[in-house]
Amino acid sequence: MYDTNNIFAKILREEIPCQKIAEGKHFLSFYDISPKAKIHALVIPTGPYINVHDFVTRASVDAQIGFWQGFRETLAILQLDEQGYRLVMNIGVHGRQEVLHMHVHILGGNDTGPMVLK
Ligand code: AMP
């Protein structure tokens, strides 16, 4: 069940501020408040989806295309194409997802190091 009081829902309703990168009908991108790389951005859909499974199950095709176009627009603004970047999606308990509104982390601007698996 989607919680309309999660922090990203509040950002979408402009109840709390964010450092915006880009926005469109189906997406909003902004800088992570606690960056884990030189550049750490988040891209979120504007609709109420908990995670990517929820998104691909319930979102319209227009919303899904619009989200990924927003992701592409955000990457272009951040100029990460040449050196590359890492995408992270944390999902559920084992993924240690903190904010229960779907989001893609974009990490770059420096070598993000090896993937760490336990
Ligand atoms: P996750 O663990 O994938 O759910 O990550 C949630 C991310 O949201 C974390 O990296 C937080 O630093 C970030 N975050 C939490 N609150 C805010 C906020 N108000 N503005 C920007 N980023 C936030």
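Check the entry above for the structure.
Residues numbered from 1 in each chain as written. Predicted model: local features only at pLDDT ≥ 70, side-chain atom pairs only at ≥ 80, totals over all residues. Heavy atoms only, no water.

*Asks:* How do you make sense of the overall build of the protein when you look at a structure like this?
*Replies:* Looking only at helices and strands, the protein has three helices and five strands in total. Reading the helices (α) and strands (β) of the protein from amino to carboxyl end gives α-β-β-β-α-α-β-β. A compact globule built from 118 residues would reach a C-alpha radius of gyration of about 13 Å, and the protein, at 14 Å, matches this within 12%. Seen through its principal axes, the protein has C-alpha atoms that stretch 35 × 35 × 30 Å. Here the analysis covers contacts within the protein between residues at least 6 apart in sequence; of these, 54% occur between residues at least 24 apart. On the protein, roughly 7,700 Å² of surface is accessible, and the fraction owed to carbon and sulfur atoms is 55%. Within the protein, the 12 negative side-chain charges are centred at a point lying 5 Å from the centre of the 11 positive side-chain charges. (Helix = DSSP H or I, 4+ residues; strand = E, 2+ residues; numbered from the N terminus. Rg over C-alpha atoms; globule rule 2.2 N^0.38 Å. Contact = heavy atoms within 4.5 Å. Areas by Shrake-Rupley, 256 points an atom, 1.4 Å probe, with all protein chains shown as cover. Lys, Arg positive; Asp, Glu negative; His and termini not counted. Charge placed at Lys NZ, Arg CZ, Asp CG, Glu CD.)

*Asks:* Can you help me understand the sheet that holds strand β3 (residues 39–45) in this one?
*Replies:* Within a beta sheet, neighbouring strands are joined by backbone hydrogen bonds and run either parallel or antiparallel to one another. Pairing is antiparallel in the open sheet, where five strands are placed in the order β1-β2-β3-β5-β4. Unpaired on one side and paired on the other, β1 (20–24) and β4 (85–88) mark the two borders of the sheet. Along the sheet, successive strands turn relative to each other by an average axial angle of 15°, direction set aside. Direction of pairing for β1 relative to strand β2 (residues 27–31): antiparallel, over a ladder of four bridges. Note that in β2 the partner of Glu23 across the bridge is Leu28. (Pairing = 2+ DSSP bridges. Axes fitted to C-alpha atoms, helices over the stretch in contact; angles between N-to-C directions.)

*Asks:* What is the right way to read the side chain of Asp54 from this model?
*Replies:* Structurally, Asp54 can be placed in helix α2 (residues 52–58). Side-chain polar atoms of Asp54 contact the backbone nitrogen of Ile50, separated by 2.9 Å. When sequence neighbours within four positions are dropped, the list of residues in contact with Asp54 reads Pro48, Tyr49 and Ala59. (Polar contact = N/O pair within 3.5 Å; in protein donor to acceptor, adjacent residues only side chain to side chain.)

*Asks:* Just checking my understanding: could you explain the site of the ligand for this structure?
*Replies:* As a structural note, the neighbourhood of the ligand is formed by 15 residues, with Asp32, Glu98, Val99, His103 and His105 the closest of them. Within the backbone of Ile33, one N or O atom sits 3.1 Å away from a nitrogen atom of the ligand. Contact between the ligand and Glu98: an oxygen atom at 2.7 Å from a main-chain N or O atom of the residue. Structurally, the ligand is housed in the largest pocket. (Near = heavy atom within 4 Å. 1 Å grid on protein atoms, 1.4 Å probe; cavity = no way out; pocket = protein on both sides within 12 Å on 5 of 7 lines; lining within 4 Å. Sits in = over half its atoms within 2 Å of the grid points.)

*Asks:* Help me understand the layout of surface pockets, please; the structure alone is not making it clear to me.
*Replies:* To locate leftover empty space, one rolls a probe as large as a water molecule over the atoms. In this model, the largest pocket occupies a volume close to 1,100 Å³. If you go around the largest pocket, you meet 34 residues; those closest to its centre are Lys36, His40, Val88, Asn90 and His105. Among the elements of the structure, α1 (7–12), β2, β3, β4 and β5 (104–108) are those that each provide at least two residues to the lining of the largest pocket. Of the residues that constitute the lining of the largest pocket, the class distribution is 18 nonpolar, 10 polar and six charged. Space inside the second largest pocket adds up to approximately 160 Å³. Lining the second largest pocket are Ile11, Leu12, Glu14, Ile16, Pro17, Cys18, Lys20, Glu23, Gly24, Phe27, Leu28 and Thr46. Among the secondary structure elements, those contributing two or more residues to the lining of the second largest pocket are α1, β1 and β2. Top element by residues in the lining of the second largest pocket is β1. It accounts for three residues. Its residues placed into classes, the lining of the second largest pocket shows seven nonpolar, two polar and three charged. (Points joined across faces, edges and corners; volume = space filled by probe spheres on them. Nonpolar A, V, L, I, M, F, W, Y, C, P; charged D, E, K, R; others polar.)

Just distances and angles here, no functional claims.
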